[in-house]
Amino acid sequence: GDINNSRSRKWIFATAIIPFIIVCVFGSAPVSLIITAQAINGVLLPVTCGIVWKISSDKKLLNDRANSMIHNLIFLVVFVVTVFLSVKTFMGFLH
């Protein structure tokens, strides 16, 4: 949106101040919070990838714009890589 828009300024302010508040409230170092957030993102990435793959392959929803076989094969490779990286990330936290 337009930066001069009052609603846009409120969202920008909120996204800038919320992480600051979290750091102050929990008293944690920002680096450990960033690492935790990235680990959570790493675990959620395969879920997000799978949802996008399912929706983009739905011929009832997208008709002729749905994924072709080659797109589904590419998505399969991306999905397998994201699952592998997610498992690797999760296993790293267990050690």
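Look above for the structure.
Residues numbered from 1 in each chain as written. Predicted model: local features only at pLDDT ≥ 70, side-chain atom pairs only at ≥ 80, totals over all residues. Heavy atoms only, no water.

Participant: For this particular structure, what's the right way to read the overall build of the protein?
Facilitator: Within the protein, the regular secondary structure consists of four helices and zero strands. Helices and strands in the protein line up, N terminus first, as α-α-α-α. The C-alpha radius of gyration of the protein comes to 19 Å, more than 25% above the 12 Å expected for a compact globule of 95 residues. Taken over the C-alpha atoms alone, the protein extends approximately 50 × 45 × 15 Å along its principal axes. Within the span of the protein, comprising 95 residues, buried residues form 13% of the whole. The long-range share in the protein, meaning contacts at least 24 apart out of those at least 6 apart in sequence, stands at 38%. With an accessible surface of roughly 7800 Å², the protein has 74% of that area assigned to carbon and sulfur atoms. (Helix = DSSP H or I, 4+ residues; strand = E, 2+ residues; numbered from the N terminus. Rg over C-alpha atoms; globule rule 2.2 N^0.38 Å. Buried < 20%, exposed > 50% of the residue type's maximum accessible area, 1.4 Å probe, protein only. Contact = heavy atoms within 4.5 Å. Areas by Shrake-Rupley, 256 points an atom, 1.4 Å probe, with all protein chains shown as cover.)

Participant: What am I meant to see in a nonpolar patch on the surface here?
Facilitator: Taken together, the side chains of Met69, Ile70, Leu73, Ile74, Leu76, Val78 and Val80 define a hydrophobic patch exposed on the protein surface, amounting to about 650 Å² of accessible area. Relative to the assigned elements, Val78 resides in helix α4 (residues 69-94). What makes Val78 partly exposed here is its relative accessible area of 37%. (Patch = residues over 30% accessible without salt bridge, like charges linked within 9 Å, V, L, I, M, F, W, Y side chains within 5 Å. Salt bridge = Lys/Arg side-chain N within 4 Å of Asp/Glu carboxyl O.)

Participant: Help me understand the side chain of Thr82, please; the structure alone is not making it clear to me.
Facilitator: Position of Thr82 relative to the elements: it lies in helix α4. On the basis of relative accessibility, which here comes to 9%, the residue Thr82 falls in the buried class. There is a polar contact of 2.8 Å between the side chain of Thr82 and the backbone oxygen of Phe79. When neighbours within four sequence positions are excluded, Thr82 is seen to be in contact with Leu45, Pro46 and Cys49. (Polar contact = N/O pair within 3.5 Å; in protein donor to acceptor, adjacent residues only side chain to side chain.)

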